[in-house]
Amino acid sequence: MTAEKCDQIVDTIFKVLIDGSKQDYIGERISQLEHCLQAASQALDAGADEETILAALLHDIGQFTTSPNQKQMICDASALNELDPGAVDGTKQISVGVTGHERIGAVYLRQLGFSEKVAALVESHVPVKRYLTAKYPEYYESLSGASKLSLKYQGGPFTQEQVDDFEKDPLYKIKVQIRQWDDAAKVVDLKVPDLEYYRPMAIRHLLEQKSQPVV
Ligand SMILES: [Fe+2]
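Given the structure is predicted, the values throughout are model-derived calculations rather than measurements.

Trainee: Break down the coordination of the iron ion for me, citing the residues and quoting the values.
Mentor: Within the protein, His35 (NE2), His59 (NE2), Asp60 (OD) and Asp182 (OD) serve as the donor atoms for the iron ion, at 2.2 to 2.3 Å. One can describe the donor arrangement at the iron ion as irregular, given that its 4 donor atoms subtend angles of 79 to 171 degrees at the metal. In terms of primary sequence, the donors binding the iron ion are separated according to H-x23-H-D-x121-D. Pair noted here: His35 is in helix α2 (residues 32-45) and His59 is in the loop between α3 (50-58) and β1 (72-76), with a separation of 24 residues, a long-range link. Overall, the relative accessible area of 0% leaves His59 in the buried class.

Given below as structure tokens:
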């Protein structure tokens, strides 16, 4: 892939994140873009490798790459307000995210030429939530109301067999780490590096990949 093509791909994904951020981040008090930037900045501060940092930045991209008709996880606002009082107008139905956004994001990133590790880390952030809620019941209590509601659509906590299988995954610790950065990336008015900070890293990553983008 040429540097010019890589730059175009980065333009595309940044536009997806910026445009997606204009949607309401239901039940949360920061924008989707701030959330992604905060997740990435924690990975940066932790000294993570570049694939892990990019996965943290792009973990929710599947929320924004789909049409408005994409199947949404719909809940009554009253259900969210019960968990997180005053989160939304209590009379309407709300979406707490795109169904399968972790898989949609992973497929999208593979198509654009990101590495299998980046795609796998993005794909894992919902299964890790299912893992952590099974392994640590107190983890469920730490989730936001919207995240608790979406868990029901995502299959609920893992079974013991699924927990055991997940722990055999060589990437499982870093997958859990990304989920922890994801959960903590909801701080109002936190100053972190902006999107452009990650452009050289994303271009470098794409240039290193042997596979060609299919879009
Ligand atoms: Fe997230």
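Trainee: So what's going on with the packing of aromatic side chains? Residues and values would help.
Mentor: Enumeration according to the criterion identifies 5 aromatic pairs in this entry. Measuring from centroid to centroid gives 5.7 Å for Phe166 and Tyr172, while their planes differ by 70 degrees, and the two rings are edge-to-face. By the ring-pair criterion, three or more aromatic residues cluster together here, those being Tyr131, Phe158, Phe166 and Tyr172.

Trainee: Pulling in residues and values, what's your account of helix α8 (residues 145-153)?
Mentor: Where burial is concerned, most of α8 is hidden: 7 out of the 9 residues are buried. Looking one or two places after α8, you find Gly155, whose phi comes out positive at around 105 degrees.

Trainee: Tell me about the pattern of salt bridges, and please be specific about residues and values.
Mentor: A full pass over the atoms with the stated rule returns 15 salt bridges. When the shortest N-O distance is used, the salt bridge between Arg204 and Glu50 registers 2.6 Å. Here Arg204 is found in helix α11 (residues 199-208), whereas its partner Glu50 is found in helix α3, with 154 residues between them in sequence. For Arg204, a relative accessible area of 38% translates into the label partly exposed. Ionic pairing is found between Asp165 and Lys168, a salt bridge with its closest N-O pair at 3.5 Å. Classification of Lys168 as exposed rests on a relative accessible area of 64%. One network of salt bridges, with partners in common, ties together Asp7, Asp11, Glu196 and Arg199.

Trainee: Please give an account of the environment of Asp182 that cites residues and values.
Mentor: As for its position among the elements, Asp182 is in helix α10 (residues 172-184). Residue class for Asp182 comes out buried when judged on its relative accessible area of 5%. Between the alpha carbons of Asp182 and Ala56 there is a distance of 7.3 Å; along the sequence they are 126 residues apart. The contacts of Asp182, once residues within four sequence positions are left out, are His35, Ala39, His59 and His125.

Trainee: Can you break down unusual backbone geometry residue by residue, with the values?
Mentor: Residues other than glycine seldom take positive phi values, yet Asp189 does so here, at roughly 60 degrees. In this structure, Asp189 sits in the loop between α10 and α11. Assessed through its relative accessible area of 62%, Asp189 is described here as exposed.

Trainee: Please give an account of the packing of helix α6 (residues 116-135) against α8 that cites residues and values.
Mentor: Running from N to C, α6 and α8 cross one another at 100 degrees; their axes reach a closest spacing of 11 Å. By the criterion of interaxial angle, the relationship of α6 to α8 is roughly perpendicular. Listed contacts from α8 to Lys129, Arg130 and Thr133 of α6 are Ser147, Ser150 and Leu151. Within the contact of α6 with α8, the residues separate by chemical class into 1 nonpolar, 3 polar and 2 charged.

Trainee: Describe in detail the packing of α6 against α10, supporting the description with residues and values.
Mentor: Packed helices, taken two at a time, are described by their axes: the angle between them and the distance between them. Look at α6 against α10: their axes get within 8 Å of each other, and the N-to-C directions meet at 80 degrees. Judged on the interaxial angle alone, α10 and α6 are roughly perpendicular. Contacts from Ala120, Leu121, Ser124, His125, Val126, Val128, Lys129, Tyr131 and Leu132 in α6 reach Tyr172, Ile174, Lys175, Val176, Ile178, Arg179 and Asp182 in α10. Each residue belonging to the contact of α6 with α10 can be placed in one class, and the counts come to 10 nonpolar, 2 polar and 4 charged.

Trainee: I'd love a proper account of the side chain of Thr52, names of residues and values included.
Mentor: Within the secondary structure layout, Thr52 lies in helix α3. Residues within four places of Thr52 in sequence aside, it is in contact with Lys117, Leu121, Ile174, Ile178 and Trp181.

How each quantity is defined
Residues numbered from 1 in each chain as written. Predicted model: local features only at pLDDT ≥ 70, side-chain atom pairs only at ≥ 80, totals over all residues. Heavy atoms only, no water. Donors = N, O, S within 2.8 Å, 3.2 Å for Na, K, Ca; no water. Tetrahedral: all angles 85-135°; square planar, octahedral: opposite > 155°, others 65-115°. Helix = DSSP H or I, 4+ residues; strand = E, 2+ residues; numbered from the N terminus. Buried < 20%, exposed > 50% of the residue type's maximum accessible area, 1.4 Å probe, protein only. Phe/Tyr/Trp six-rings, centres within 6.5 Å; stacked < 30°, edge-to-face > 60°. Salt bridge = Lys/Arg side-chain N within 4 Å of Asp/Glu carboxyl O. Contact = heavy atoms within 4.5 Å. Axes fitted to C-alpha atoms, helices over the stretch in contact; angles between N-to-C directions. Parallel < 35°, antiparallel > 145°, perpendicular 65-115°, else oblique. Nonpolar A, V, L, I, M, F, W, Y, C, P; charged D, E, K, R; others polar.

This is a description of form; function is not addressed.
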